[in-house]
Amino acid sequence: MMVVKIFMYFSAVIISGYSQMVQVDEIRSGYAGSQVDLGCQFVNSDPPVKISQVTWQKFINGTKQNVAIANPALGVSVLAPFKERVRFKNPAVRRLTPSLEDTTITFSNLRLTDEAAYICEYTTFPAGNRENTVNLTVYARPMIQMSLSTPTIVAGPANLKMTVASCLSANGKPPGVITWDTSLDGEASDSEVRNSDGTFTVRSDYIMIPTQQTHNQKLTCITTYHNERFSESVTLNIQYEPDITIEGYDGNWYLNRESVQLICQADANPPVSLYQWKFLNGSIPDRVEIRDNLLLFKGPVTYDLAGTYLCDATNSIGTRSASVDVNITEFPIIPHDITQGQQGLGTAIGMVALGGSLLVVAITLLGVLFRRRQRTFKGDYSTKKHVLGSSYRKGGSLQPYPPLPQVLICPEDFDDQKKAEMYGRPISLTENIHELQDNTDQMNRSFSVESKVEECGYGEQCFAFYDETELEMSVDMVPQTDGSVISKEEWYV
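Residues numbered from 1 in each chain as written. Predicted model: local features only at pLDDT ≥ 70, side-chain atom pairs only at ≥ 80, totals over all residues. Heavy atoms only, no water.

An unreviewed UniProt entry annotates the protein as Nectin cell adhesion molecule 1a isoform X1 originating from Clupea harengus. What the UniProt record of the protein gives under Subunit (unreviewed entry) is the line "Cis- and trans-homodimer. Can form trans-heterodimers." Turning to the protein, the UniProt annotation filed under Function (unreviewed entry) states: "Cell adhesion molecule that promotes cell-cell contacts and plays important roles in the development of the nervous system. Acts by forming homophilic or heterophilic trans-dimers." (UniProt positions renumbered as here; feature names shortened; annotations may be inferred.)

Shown next as structure tokens:
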């Protein structure tokens, strides 16, 4: 047992030493139908060994099959079935005196059956055989195909699901991965089959409920294969019965209204081929003209046009109907939103007018206050001048008149002579009353100066008369209620 183990260890070391002298690309790959190089170089030793022959072999299922041989004396040989597709890449190998250090071979038009392990073996003297292995993988690009399940898809009942499109990744190695890119509400059903040549076929069906809303929607199939991405798209062609609406009646048909009509609008695939109008309250009035999907009401609106109008629309898929109830009123109906809008507009106009009026009043008040402020007296009342007689004098006001007693009482020991000396002369109540009236007239004449002065123009002179005396005054003198005058230029700002 010990001898066997030592021999096995020695053999592994020798083989490992051989491998280090033959350099190869351990893993190579290519697509079926393409070309690939399997590199092999011999690193000679020092002192160098003699290369007697180089042999490429295919190792599959535990057996070896010669592919190509290069011999310095006998030349190059490529065996069937590789003879037309395999050659030595380095031209030096094919010379009369060949160089066999680089014996890379080139595979052309790869086949799936070429996938295997390939051994590059060097026969040397005196070192013996040296070899190394290259693993070749052959890929197959799949054929990508997308199609609608049928050229024409007809929308059925609301809950009926069906296959609308299929995506196929055929004869691929490794198998492709299929996904869908769409905004439609559907689901995918996938299947995978392994073919006899080692390739795979993957199929994905897109299942959904075809409806009017899914017509003309885009559906994209994406196939990912060996880090490559392929995509194809189709546009769904869903056929469905007409979807009808009647337009033209706004709920405000009133007596004597002109130019009214009804339109039968239909959304259908394929398009509508026939429109039919009916009046459920009897026959269509004579003043109504039918033009395909259009119902024209000639002349003013009358009560006999009221009723239910029905439209039938037909295409190759089926027939659908729609109706409208027409009501005739005596007067136009003003929409509530328009009434509110008019009220709002009137309110806005009123607010603007009120604001303008308030602004005018405010400006007027400010003007009056400004003028009054300009006329405010800034001087000293002790300098006011009174118009007395024929000259001016300073004084605060008119001299007060003492109250006139109704009865004069004298001491009992006063005789008539003393009373006369005291009062200058005999005084009676009647005389005192006349004197008071004369003084009152004098005050009125003093006050009349103000009105007379104001009647003069600016820059002119006025004359006031008091006790038959002429008094010259300028218009810049402003009379006061107490009989005095004040200069505008000197005391007002």
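Here the narrative resumes.
Draft legend 1. Layout of the overall build of the protein. Broken down by element type, the protein carries five helices and 34 strands. Relative to its 493 residues, the protein shows a buried fraction of 32%. Here the analysis covers contacts within the protein between residues at least 6 apart in sequence; of these, 58% occur between residues at least 24 apart. Counting only carbon and sulfur atoms, one obtains 54% of the accessible surface of the protein, whose full area is about 30800 Å². (Helix = DSSP H or I, 4+ residues; strand = E, 2+ residues; numbered from the N terminus. Buried < 20%, exposed > 50% of the residue type's maximum accessible area, 1.4 Å probe, protein only. Contact = heavy atoms within 4.5 Å. Areas by Shrake-Rupley, 256 points an atom, 1.4 Å probe, with all protein chains shown as cover.)

Draft legend 2. Representation of the environment of Asn237 within the structure. As for its position among the elements, Asn237 is in the loop between β19 (228-235) and β20 (238-247). Owing to a relative accessible area of 29%, Asn237 belongs among the partly exposed residues under this scheme. Between the alpha carbons of Asn237 and Val164 there is a distance of 9.5 Å; along the sequence they are 73 residues apart. Dropping the residues within four chain positions of it, Asn237 is found in contact with Pro151, Ile153, His215 and Asn269. Side-chain polar atoms of Asn237 contact the side chain of Asn269, separated by 3.1 Å. (Polar contact = N/O pair within 3.5 Å; in protein donor to acceptor, adjacent residues only side chain to side chain.)

Draft legend 3. Main features of the side chain of Thr308. Along the polypeptide, Thr308 turns up in strand β26 (residues 307-314). We classify Thr308 as buried; its relative accessible area is 17%. Those residues within four positions of Thr308 in sequence are excluded, and the remaining contacts are Lys278, Phe279, Leu280, Asn281, Ser323, Val324 and Asp325.

Draft legend 4. A look at the sheet that holds strand β6 (residues 63-71). Strand order in the open sheet formed by six strands is β2-β11-β10-β5-β6-β7, with mixed pairing between adjacent strands. Each edge of the sheet is formed by a strand with only one pairing partner; in this case those strands are β2 (27-31) and β7 (75-78). With strand direction ignored, the average angle separating the axes of adjacent strands in the sheet is 25°. Bridge analysis of strand β5 (residues 50-60) against strand β10 (residues 116-125) gives nine bridges, and the strand direction is antiparallel. Note that in β10 the partner of Gln57 across the bridge is Ile119. (Pairing = 2+ DSSP bridges. Axes fitted to C-alpha atoms, helices over the stretch in contact; angles between N-to-C directions.)

Draft legend 5. Region of interest: the state of the cysteines. Scanning the entire structure with this criterion turns up three disulfides. Here Cys40 engages in a disulfide with Cys120; their sulfurs sit 2.0 Å apart. Its S-S torsion of approximately -85° makes the covalent link between Cys40 and Cys120 left-handed. On the criterion of sequence distance, the pair formed by Cys40 in strand β4 (residues 40-42) and Cys120 in strand β10 is long-range, its members being 80 residues apart. Taken as a pair, Cys40 and Cys120 share a single burial class, namely buried. Here Cys167 is linked by a disulfide to Cys221, with a sulfur-sulfur distance of 1.6 Å. Disulfide Cys167-Cys221: torsion about the S-S bond near -70°, hence left-handed. Of this pair, Cys167 sits in strand β14 (residues 162-172) while Cys221 sits in strand β18 (residues 218-225); the two residues are 54 residues apart in sequence, bridging distant segments of the chain. Overall, the relative accessible area of 1% leaves Cys167 in the buried class. (Disulfide = S-S within 2.5 Å.)

Draft legend 6. Structural view of the sheet that holds strand β23 (residues 274-279). Read from one edge of the open sheet, three strands run β23-β26-β27, paired in antiparallel fashion. One side of each edge strand has no neighbouring strand; the edge strands of this open sheet are β23 and β27 (319-326). With direction set aside, neighbouring strand axes in the sheet form an average angle of 20°. Relative to β27, β26 runs antiparallel, the two being bridged by eight bridges. In the sheet register, Ala313 faces β27, and the bridge partner there is Arg320.

Draft legend 7. Examining the pattern of salt bridges more closely. Enumeration over the complete set of coordinates arrives at 12 salt bridges. Its salt-bridge partner being Asp205, residue Arg203 comes within 3.1 Å of it at the nearest N-O pair. Arg203 gets classed as partly exposed once you look at its relative accessible area, which sits at 37%. Given a relative accessible area of 17%, Asp205 falls into the buried group. Between Asp304 and Arg287 there is a salt bridge, with its nearest N and O atoms 3.6 Å apart. Here Asp304, found in the loop between β25 (294-297) and β26, pairs with Arg287, found in the loop between β23 and β24 (288-291); they are 17 residues apart in sequence, far enough to count as distant. For Asp304, a relative accessible area of 45% puts it in the partly exposed group. (Salt bridge = Lys/Arg side-chain N within 4 Å of Asp/Glu carboxyl O.)

Draft legend 8. Examining the side chain of Ser169 more closely. Following the sequence through the fold, Ser169 ends up in strand β14. Those residues in contact with Ser169, other than ones at most four positions away along the chain, are Pro142, Met143, Ile144, Gly176, Ile178, Phe200, Thr201, Val202 and Thr223.

Draft legend 9. Structural detail: a nonpolar patch on the surface. A cluster of nonpolar residues, Met351, Leu354 and Leu358, forms a patch on the protein surface that exposes about 330 Å² of accessible area. Structurally, Met351 is set in helix α2 (residues 336-374). On the basis of relative accessibility, which here comes to 56%, the residue Met351 falls in the exposed class. (Patch = residues over 30% accessible without salt bridge, like charges linked within 9 Å, V, L, I, M, F, W, Y side chains within 5 Å.)

Draft legend 10. Structural detail: the pairing of strand β15 (residues 177-181). Going residue by residue along β15, you find Ile178 and Trp180 tucked away on one face and Val177, Thr179 and Asp181 left uncovered on the opposite face. Judged from the five bridges that link them, β15 and β18 form a sheet pairing that is antiparallel. Bridge pairing links Val177 to Thr224 in β18.

Draft legend 11. Region of interest: the environment of Lys298. Tracing the backbone shows Lys298 in the loop between β25 and β26. Residue classification places Lys298 among the partly exposed residues on the basis of a relative accessible area of 47%. Taking C-alpha positions, Lys298 is 6.1 Å from Val288, a pair spaced 10 residues apart along the chain. If we skip the residues at most four places from it in the chain, Lys298 touches Arg287 and Glu289. Of the polar contacts made by the side chain of Lys298, one reaches the side chain of Glu289; its length is 3.0 Å.

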